[in-house]
Amino acid sequence: MNKPSAPQGFVQVQSEGFGGFAGPVFRKGEVFVFDIAPQHLNGDERLHGGMMMSLASIVLGEVAREAAAGAEAGAATRPLSINCDFVSAGAAGERVEGRARVTRATRTVLFISGELKVGERVLMSATGVYAIKSRDGK
């Protein structure tokens, strides 16, 4: 199976581990894109719900890491919770676009919300809460 190459101006995120296996997912600025391939489908030939949740986790997690690193060099994050609401389904060959933003940030916690869409059609909305771990482990 051939993995798609990055759209012009986009770079691959999480190319290692599960993110690399499930993807590829590409990013340019605040936009993440993912092309639905046959291996991402469920038995009804629609984008598998677990794949949508994985994609939401990648998008929200990347935004969390960036926000934490912007506040303190070397800071890391870990998810405390991620909630996903399925709205619509995707099909093979469609390009999913993901966006997320920090809705609230404290010294130790980030609150993030995002959406996965195909064009104007929302596939999923998601929210996440991420703990911030400073470089010194506190």
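As a reminder, the structure under discussion sits directly above these lines.
From a predicted model like this one, the values you see are computed outputs, not experimental measurements. (Residues numbered from 1 in each chain as written. Predicted model: local features only at pLDDT ≥ 70, side-chain atom pairs only at ≥ 80, totals over all residues. Heavy atoms only, no water.)

1. A look at the sheet that holds strand β2 (residues 25–28)
Sheet strands associate in pairs through backbone hydrogen bonding, adopting either a parallel or an antiparallel arrangement. Overall, antiparallel pairing links the 7 strands, which are arranged β1-β2-β3-β5-β6-β7-β4 in an open sheet. Two strands lie at the open edges of the sheet, namely β1 (11–13) and β4 (76–86), each paired on one side alone. Neighbour-to-neighbour, the strand axes of this sheet turn through a mean angle of 30 degrees, independent of strand direction. Pairing of strand β6 (residues 109–118) with strand β7 (residues 121–133), which is carried by 10 bridges, proceeds in the antiparallel orientation. (Pairing = 2+ DSSP bridges. Helix = DSSP H or I, 4+ residues; strand = E, 2+ residues; numbered from the N terminus. Axes fitted to C-alpha atoms, helices over the stretch in contact; angles between N-to-C directions.)

2. Things to note about the pairing of strand β5 (residues 95–105)
Along any regular strand the residues' side chains alternate between the sheet's two faces. Where strand β3 (residues 31–35) and β5 come together, 4 bridges link them in antiparallel fashion. Paired with Phe32 across the two strands is Gly98, which belongs to β5. Sheet topology note: the β5/β6 ladder contains 8 bridges and is antiparallel. Within β6, the residue paired with Ala100 across the bridge is Gly114. Hairpin connection from β5 to β6: 3 residues lie between these consecutive antiparallel strands.

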